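Observations on the model geometry
In case you want the letters, here they are:
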Amino acid sequence: MAEALSGIRVLEVGGGAALAYAGKLFADFGAEVLKLDAADDPLHAAWPLVEGRSALQAWLNTNKHVTGGSVTALAPGCHVLLDGRATALADEALPPHLIATRISWFGASGPYAGFAATDVTCRALAGVFACTGPVEGPPAMLGGIAGEVLGGIAAFIATAASLWGGGGRRLEASIHEANISIAEYQAAQAVTNPEVEQRLGINRFAPTCPMGVYRCREGWLGVTIVTPAQWRSYCEMVGLPELGQDPDLIVGFDRMRQADRLDAIFSAKLLERTAESWFEEALARRLPFAVVPEMATLLATPTHRARHAFQRVRLGDGSFEGPTLPQRLTRTPPRHAAAPAALPSAAPALQDGAATEALPLKGLRVVDLSMGWAGPYCTRSLGDLGAEIIKVEAIQYPDWWRGVDPRPAFFTERRYEQDVRFAFQNRNKRGITLDLSRPEGAALLQRLVAASDAVVENYAREVLPKLGLDYTVLSRSRPDLVMLSMPAFGAEGPWRDARAYGSTLEHASGLPTVAGPAHAAPMTNQLAYGDPVGGLNAAAALLTALLHRKATGEGQHIDLAQVECMFPLVAPWMIAQSALGDPGPRRGNRHPMLAPHGAFPCAAEGWLAIAVTDDAAWARLCGLMGRADLAALALDARRAREDELEAIIAGWTRGQDADAAMLALQGQGIAAGVVRWPTGLRSDPHLAARGFWQAAERPFLGRHKLPSAPFRPLGGAPLPITRAAPTLGQDNAAILGGLLRLDAARLAALEADGIIGTEAIPAAERKPRSKPAQERISA
């Protein structure tokens, strides 16, 4: 079978999971990846260990050729250099054709650039943990490699885009900035609704309730209720229809105020049946629920096994399973079995041309049919890299991240143009309106697709076929079309019609069963973890397919099951289950290989994440605390006294300002990061120094600040935000009149008929017509 990235040679040098995952994305899609093994790579000792060797490292290094040599000798024969070393090679030593991407915790500039870090301390500074865990603290900090996976995907996106654009480039990707995407919802929404930025307790997140994991007669059920219709249906499902009609419980914020009472009611009701039974009924009712599987169950799930979601990896004389890459290109899928690492082939054909700084995706046109978070985050990433993104909405059914409010003032005051969440996800895009349920609107979309390179959509599975706008139809207009769909569980199988929010995807991935303290219920880690994770993976998938098209002329459909995008985040525990027969205990904020490790209280209700990575770091920490008597404790001794040592550290941090304590620790080379609140990211000194927050001006919203992409030219300014998010139908004339050449009279007729427009229409004023199914699978 043809492979998407065959013919591309990549040199991977340095250490860490982010670098390794970026290389894995290339290798498992057929690129030839030469890995220079680094003796100090922390992955050599990464949990889980099988007979003294890291199974996690083996999974991250599938299909790579581990080799000796030097960067200077090998780089001239490669297309790409992925560089994870703390000190990167000087630019002048690199050949001009090379795309060189440096991957680091905090980027190449700014106050944190030289910080010691681990996955957890980096994510703490990215605003990921502050809203998770018990009200009184400590914030709950998911372990593993979740942050580095996102950093690796970000590095791959920037590198793949540069391969598409051609010319040599020097790039950097920041793991820290990639993870800020997880906190963007609260960072945006808390501007107008500060109640969303709170730590409300395990399995509680504003702005809705219920949302969390509930014990059933057998198993655990992940529940997310957002809309009034979902609330009524859920209450009917559990035999409490009168609760669903209570006017004081229709809105999520109102239910949050009665969360204790409602949790007690539902916890009792859900014990009456098994999680599987509730899930089957939820599927029929189209409620966004999921069985929350433990690792053994996840690996045995028929739906996932039918999609080859798990990759067989050899280690020594044995083998185990880990996640297959989730980017399921239907024509050129990733390898779901690790092939033996072949010796390097003959030198590949290398592109000519000097280094360039032009945006690499300039000239690429993408039609964006997605709404909410995941799909728009995918296309936002492409737009930041220079692609022309044409966002398609309808005046009858605008993007729900503009807000969902049936009251008249929402429309008369154009409040749907004032939501900061929409502004975050839809900058650097153009916007048009088309009613796709009308033949005229559908025909215009087909003409637009014929003039475009790619389509991104996250409709429910059955919607586009009903409208005559699925891949089979659209590819007739553009045979080399690349089209990405984002169903929750894939386009095939018994769960193909399941509805899901980002929280549902996390629940179905099993991540809650390995998170949080052992005595608590499985713990939801984020309000909607699956959305930004799905968006980054979608951008990587689309670029992979576009590179294949560039080489072969072949388009294809991408069936991106968003739940599979969550599997790499759970990889350490999945691998442990497969290789060792046990995912290990739930450790809360502790770490399987490091001690002490946790979140510690500081003055003014602050918290500080600290990770002691080795004996030397422990001795330096003891020096700071004035406890030389403890400095000689080795890892096993520290682990045996972990409760005591955590109390001593908390006693030291409690009276200190969190930022001051972090700087003191970093001054001694100890990994530490303040647990930032999402809104605190706006004033973070490192992000300010890097120009991360860019100002934009937009009608109805005014001046506002937007987060930058997590990749940029090495040592340079962020990729520019040149367009604020479009108002509804803002570019109708430019796209429909300019690109599709409709004259003014035709545009006026379309607007008079409600097929296009610039103002949203309340439901009561919509003309009777066949209603397009507006339900999407991801918020």
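Residues numbered from 1 in each chain as written. Predicted model: local features only at pLDDT ≥ 70, side-chain atom pairs only at ≥ 80, totals over all residues. Heavy atoms only, no water.

1. Concerning the overall build of the protein
Tallying secondary structure elements over the protein gives 31 helices and 25 strands in all. Its C-alpha atoms give the protein a radius of gyration of 25 Å, near enough to 28 Å, the size a compact globule of 779 residues would have. Dimensions of the protein, computed from C-alpha atoms along their principal axes, come out at roughly 80 × 65 × 50 Å. Across the 779 residues of the protein, 62% fall into the buried class. If you take every contact in the protein between residues at least 6 apart in sequence, the share linking residues at least 24 apart comes to 75%. Total accessible area on the protein stands at roughly 26700 Å², and carbon and sulfur atoms take up 54% of it. Taking the average place of the 75 positive charges on the side chains of the protein and the average place of its 80 negative ones, the gap between the two points comes to 3 Å. (Helix = DSSP H or I, 4+ residues; strand = E, 2+ residues; numbered from the N terminus. Rg over C-alpha atoms; globule rule 2.2 N^0.38 Å. Buried < 20%, exposed > 50% of the residue type's maximum accessible area, 1.4 Å probe, protein only. Contact = heavy atoms within 4.5 Å. Areas by Shrake-Rupley, 256 points an atom, 1.4 Å probe, with all protein chains shown as cover. Lys, Arg positive; Asp, Glu negative; His and termini not counted. Charge placed at Lys NZ, Arg CZ, Asp CG, Glu CD.)

2. Observations concerning the sheet that holds strand β6 (residues 80-84)
Reading across the sheet, the seven strands line up as β5-β2-β1-β6-β7-β8-β25 and stay open at both edges, with mixed pairing between neighbours. Each edge of the open sheet is held by one strand with a lone partner, namely β5 (64-67) and β25 (711-713). Between one strand axis and the next, the sheet turns by 25° as a mean value, whatever way the strands run. In this sheet, strand β2 (residues 32-36) lies alongside strand β1 (residues 9-14) in parallel orientation, the contact comprising five bridges. Across the sheet, residue Glu 12 finds its bridge partner in β2, namely Lys 35. (Pairing = 2+ DSSP bridges. Axes fitted to C-alpha atoms, helices over the stretch in contact; angles between N-to-C directions.)

3. Examining the side chain of Lys 24
Mapped onto the elements of the fold, Lys 24 is located in helix α1 (residues 17-27). Among the residues examined, Lys 24 registers a relative accessible area of 0% and is labelled buried.

4. A look at the sheet that holds strand β22 (residues 671-674)
Across the sheet, three strands lie side by side as β20-β21-β22; this open sheet has antiparallel pairing. Each edge of the open sheet is held by one strand with a lone partner, namely β20 (597-601) and β22. Pairwise comparison of adjacent strand axes, ignoring direction, gives a mean angle of 20° for this sheet. As paired elements, β20 and strand β21 (residues 607-611) share five bridges and run antiparallel to each other.

5. Side note on the environment of Val 456
Checked against the element boundaries, Val 456 lands in strand β17 (residues 454-457). Beyond its immediate stretch of four places on either side in the chain, Val 456 contacts Val 366, Val 367, Asp 368, Leu 369, Ser 370, Gly 375, Cys 378, Thr 379, Leu 484, Met 486 and Leu 542.

6. So, the pattern of salt bridges
The final tally for this structure, using the stated rule, is 54 salt bridges. Residue Arg 85 pairs with Asp 83 through a salt bridge whose shortest N-O separation is 2.7 Å. Judged by relative accessible area, Arg 85 falls into the partly exposed class, the value being 24%. Judged by relative accessible area, Asp 83 falls into the buried class, the value being 4%. Glu 462 is paired through a salt bridge with Arg 499; the nearest N and O atoms lie 3.1 Å apart. In this pair, Glu 462 is assigned in the loop between β17 and α19 (463-467) and Arg 499 in the loop between β18 (482-485) and α21 (502-509), connecting sequence segments 37 residues apart. Of the residues examined, Arg 499 reaches a relative accessible area of 5% and is grouped as buried. One continuous salt-bridge network, built from bridges that share partners, spans Glu 172, Glu 177, Arg 690 and Arg 712. (Salt bridge = Lys/Arg side-chain N within 4 Å of Asp/Glu carboxyl O.)

7. A word on α1
Since the α-helix packs 3.6 residues into each turn, any two residues three or four apart lie on the same face. With 11 of its 11 residues buried, α1 lies for the most part within the structure. Looking at α1, one finds that the buried residues are Ala 17, Ala 18, Leu 19, Ala 20, Tyr 21, Ala 22, Gly 23, Lys 24, Leu 25, Phe 26 and Ala 27.

8. Quick word on the confidence of the model for the protein
Any residue range with low pLDDT should be treated as having predicted coordinates unsuitable for detailed reading. Overall, the prediction assigns the protein a mean pLDDT of 94, with 95% of residues at 70 or greater. Below pLDDT 50 for its whole length, residues 770-779 participates in 44 contacts with residues either more than four positions away or in separate chains. (pLDDT = per-residue confidence, 0-100.)

9. Section: the packing of helix α5 (residues 146-165) against helix α22 (residues 530-552)
If you want to describe how two helices pack, look at the angle between their axes and the distance between the axes. Contact geometry of α5 with α22 gives a least axis separation of 9 Å together with a crossing angle of 25°. Classed by the angle they form, the pair α5 and α22 counts as roughly parallel. Pair α5 / α22 crosses with left-handed handedness. The segment α5 lies against α22, with Leu 150, Ile 153, Phe 156, Ile 157, Ala 160, Ala 161, Leu 163, Trp 164 and Gly 165 engaging Val 533, Leu 536, Asn 537, Ala 539, Ala 540, Leu 543, Thr 544, Leu 546, Leu 547 and Lys 550. For the contact of α5 with α22, the per-class residue count stands at 15 nonpolar, three polar and one charged. (Parallel < 35°, antiparallel > 145°, perpendicular 65-115°, else oblique. Left-handed = near helix turned anticlockwise from the far one by under 90°. Nonpolar A, V, L, I, M, F, W, Y, C, P; charged D, E, K, R; others polar.)

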